[in-house]
Amino acid sequence: MPQQFDLVVVANRLPVAADQDAEGATSWTRSPGGLVSALEPVLRKEHAVWVGWSGRPAPDPYSTEDLGLELEPIPHDIGPCALSEVELSREDIEGFYEGFCNSTIWPLYHDAIATPVYHRHQWEPYVEINRRFAERVAELAQEGATVWVHDYQLQLVPGMLRERRPDLRIGFFLHIPFPPIELFLQLPWRREVMQGLLGADLVGFHTPGGAANFLALTRRLLELDPDDTGVDVVDVLRAGDRRRVTVGAFPISIDTVEYDAIARTVEAQDAAVEIREKLGNPKHVLLGVDRLDYTKGIDVRLKAVSELLADGSITPGDAVFVQIASPSRENVEDYQRLRDEIELMIGRAMGDHGDIGAPPIQYLHQPLSREELVAFYVAADVMLVTPYRDGMNLVAKEYVASRYDDSGALVLSEFAGAAVELTDSFLVNPYDADGVKRAILAAMNSDPDELRARMRAMRAQVFDHDVNRWASSFLTALDRSEYSR
Ligand code: ADP
Ligand code: F6P
């Protein structure tokens with residue numbers, strides 16, 4: 001019998017990911033994405049186990065080539081808490097992660113910016129891998145434990161877990177937007193996904209809009225009778241007992257104090273000065289930081305910056321735009337196409353508007369450490385966050401937390417969850433090219449006192465609503481949710 005825990009956190013990603021070099025030696029890095037950035041500091045303070053995947057392929061149990069191969073175990077001391085790896089073979093990764101998760105659910109839930117595909121041969125691995133996660137959690141959870149299931153990769157886990165362990169208190173949090181009814185209804189397996197989610201006692205979203213979409217769907221699709229805070233469901237496992245599923249908005253956040261503290265260090269400040277020097281000490285440094293994802297609107301800002309260069313509103317040497325993009329989902333076709341498009345746009349803009357020794361755009365396609373990223377946040381006068389759709393967008397909050405002297409300006413898409421809270425940013429509609437250009441110029445040229453007042457208000461918001469508050473408000477609501485046992 002494995003060691004059991006009172007708090008089990010389950011997410012597709014573990015906080016650390018394995019990197020294998022050409023000789024097969026494994027090194028461990030922080031996993032990409034906002035989910036890990038947010039949960040990692042919270043779990044440092046809890047006695048919990050984190051169930052997830054390490055990002056590497058496991059030997060295929062049905063392949064003769066892989067016979068006898070085993071994964072190198074994860075070192076004991078590298079996670080914020082105990083870690084339990086769910087193994088995925090190459091085939092699992094293709095069908096589940098690259099397939100159903102990132103070619104169906106991800107685009108569908110992000111306004112179908114890329115066209116979702118609906119393949120029956122990818123739904124099957126989604127069910128199978130969700131079952132694998134649910135079985136692992138069922139083994140690791142103590143009697144009556146709290147289980148916190150995360151994100152779109154594991155929407156069936158709450159229902160599967162309730163079947164196996166009705167004694168558990170189950171919370172589910174979605175880290176990406178929950179789509180409007182009309183879009184969700186495209187999904188051939190819409191009932192199964194809704195029923196999976198309704199296995200939880202508490203279902204949380206970033207915004208009230210996501211929660212409202214979900215509640216409306218319970219009426220439209222399942223003919224239930226939701227109110228503003230949840231919905232009663234009939235529990236087939238308990239001879240038709242009614243069970244309450246609470247539904248609400250819990251906007252995720254960052255470890256604000258940590259970002260502020262890193263930004264105040266001499267090392268961060270020296271590194272920021274060095275970055276500006278290397279850029280040729282321009283008057284304005286503009287910055288974008290994202291996973292290289294088509295939802296992030298990297299093309300939106302590149303187009304805006306290129307047009308501003310073309311019409312002479314900004315000049316190379318006077319302003320430099322730095323885009324840092326971390327590699328993401330590189331085997332998925334839409335991501336491969338996006339990389340080509342972005343790199344083509346950057347090349348064109350540099351060729352058309354650059355000068356020898358004064359490139360107007362700098363581009364890094366690399367993951368950076370937290371300290372390196374904060375140095376860029378400190379160096380940047382204007383942060384460009386222009387997603388077409390984003391659950392929250394933690395980068396916007398990290399930038400604000402790093403501006404310890406209240407300087408700097410944030411240009412933020414209305415369609416990022418963060419726009420609900422960061423109303424003192426320069427809000428833009430990413431589909432309105434002229435509006436984005438106007439906002440960038442306003443952020444570059446506004447009166448410093450006005451910029452400081454805006455930044456102070458945004459900093460107050462992210463200090464007051466940090467990731468600890470997010471986690472404790474979710475766990476408290478889960479604790480208070482009507483107990484189904
Ligand atoms: P998502 O979860 O969709 O990736 P978020 O903006 O919410 O988007 O979170 C992204 C996280 O990844 C942030 O914590 C950010 O600091 C981190 N990140 C983004 N780009 C890089 C990069 N190039 N190197 C390292 N971390 C990055
Ligand atoms: O926050 C959204 C999210 O999709 C997480 O679920 C995910 O772990 C992260 O971004 C990064 O994506 P991936 O795990 O596919 O590299």
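Conventions used here
By convention here, each chain's residues receive numbers from 1 onward along its written sequence. Chain A is the first chain written and ligand 1 is the first ligand written, with later ones labelled in order. Confidence filtering applies because this is a predicted model: local features only for residues at pLDDT of at least 70, side-chain atom pairs given and counted only at 80 or more, and all residues used for totals across whole chains, interfaces and linings. Hydrogen atoms and water are omitted, and side-chain values are computed over all heavy atoms in the structure. Working definition: residue near molecule or strand if any one of its non-hydrogen atoms lies within 4 Å of it. Pairs of N or O atoms are called polar contacts if they sit within 3.5 Å, as long as, within protein, a hydrogen donor faces a hydrogen acceptor (for residues adjacent in sequence, only side-chain-to-side-chain pairs). Method for areas: the Shrake-Rupley scheme with a 1.4 Å probe, in which residue coverage is limited to the protein chains shown. In DSSP terms, a helix is any run of H or I states spanning at least four residues, a strand is any run of E spanning at least two, and both are numbered starting from the N terminus. Charged means Asp, Glu, Lys or Arg here, nonpolar means Ala, Val, Leu, Ile, Met, Phe, Trp, Tyr, Cys or Pro, and polar covers whatever is left, Gly included. In this document the domain limits rely on a domain assignment from an automatic tool or a database. Only heavy atoms enter the contact rule, under which two residues are in contact if any of them lie within 4.5 Å. Any carboxyl oxygen of Asp or Glu that lies within 4 Å of a side-chain nitrogen of Lys or Arg is treated as forming a salt bridge with it. Pairing between strands is defined by DSSP: at least two bridges between the two strands are required. For helices, the fitted axis covers only the stretch in contact; all axes are lines through C-alpha atoms, and the angles between them, taken along N-to-C directions, range from 0 to 180 degrees. For every residue, the accessible area (1.4 Å probe, protein chains only) is compared with the maximum for its type, and the residue is labelled buried under 20%, exposed over 50%, or partly exposed between those bounds.

1. As for the site of ligand 1
Here's step 1: Near ligand 1 there are 18 residues, and of these Gly34, Ser37, Arg291, Leu368 and Glu398 occur at the shortest range.
Here's step 2: Leucine 368 is positioned with one of its backbone polar atoms (N or O) 2.7 Å from a nitrogen atom of ligand 1.
Here's step 3: Notes on ligand 1: free accessible area 570 Å², of which the protein chains cover 88%.
Here's step 4: For the shell around ligand 1, the secondary-structure elements that each account for two or more residues are α1 (34–43), β11 (284–291), β12 (319–326), α12 (370–379) and α13 (394–402).
Here's step 5: Taken together, the residues of the shell around ligand 1 break down into eight nonpolar, six polar and four charged.
Here's step 6: Split by domain, the residues of the shell around ligand 1 number at least three in each of domain 1 (5–252 + 469–484) and domain 2 (256–464).

2. What to know about the domain arrangement of the protein chain
Here's step 1: Per the domain assignment, the segments of the protein chain are domain 1 (5–252 + 469–484) and domain 2 (256–464).
Here's step 2: Averaged C-alpha coordinates put domain 1 and domain 2 at centres separated by 30 Å.
Here's step 3: With 26 residues of domain 1 in contact, the opposing surface of domain 2 contributes 23 residues.
Here's step 4: Where domain 1 packs against domain 2, one counts three salt bridges.
Here's step 5: Mapped by element, the contributors of at least two residues to the side of domain 1 that touches domain 2 are α1 and α2 (90–109).
Here's step 6: Of all the elements, α2 adds the most residues to the side of domain 1 that touches domain 2, at six residues.

3. Concerning the side chain of glutamine 323
Here's step 1: Tracing the chain through its elements places glutamine 323 in strand β12.
Here's step 2: Once residues within four sequence positions are removed from consideration, glutamine 323 is found in contact with Gly288, Val289, Asp290, Ile298, Arg301, Gln362, Tyr363 and Leu364.

4. Some remarks on the sheet that holds strand β14 (residues 382–385)
Here's step 1: Spatially, the six strands line up as an open sheet ordered β13-β12-β11-β14-β15-β16, and their pairing is parallel. The sheet is open, and its two borders are formed by β13 (361–364) and β16 (426–428), each paired with just one other strand. Put simply, the sheet's adjacent strands are angled 20° from each other on average, direction ignored.
Here's step 2: Where β14 lies against strand β15 (residues 409–413), four bridges are found, and the strand directions are parallel.

5. Section: the sheet that holds strand β9 (residues 230–235)
Here's step 1: Overall, mixed pairing links the eight strands, which are arranged β5-β4-β1-β6-β7-β8-β10-β9 in an open sheet. Of all the strands in the sheet, the pair left with one neighbour each is β5 (82–85) and β9. When strand polarity is set aside, the average angle formed by the axes of neighbouring strands in this sheet is 20°.
Here's step 2: Two strands pair when backbone bridges link them, and strand β1 (residues 5–13) and strand β4 (residues 49–53) are joined in this way by four bridges, in the parallel orientation. Looking at the pairing, valine 9 lines up with tryptophan 50 of β4.

6. Some thoughts on the environment of aspartate 293
Here's step 1: By secondary structure assignment, the location of aspartate 293 is in the loop between β11 and α10 (298–310).
Here's step 2: Owing to a relative accessible area of 1%, aspartate 293 belongs among the buried residues under this scheme.
Here's step 3: A sequence separation of 90 residues divides aspartate 293 from valine 203, and the C-alpha atoms of the two residues are 26 Å apart.
Here's step 4: Residue contacts for aspartate 293: discarding those within four places in its chain leaves Trp106, Arg329, Tyr335 and Leu338.
Here's step 5: Within the structure, the side chain of aspartate 293 is placed 2.7 Å from the side chain of tyrosine 335, a separation counted as a polar contact.

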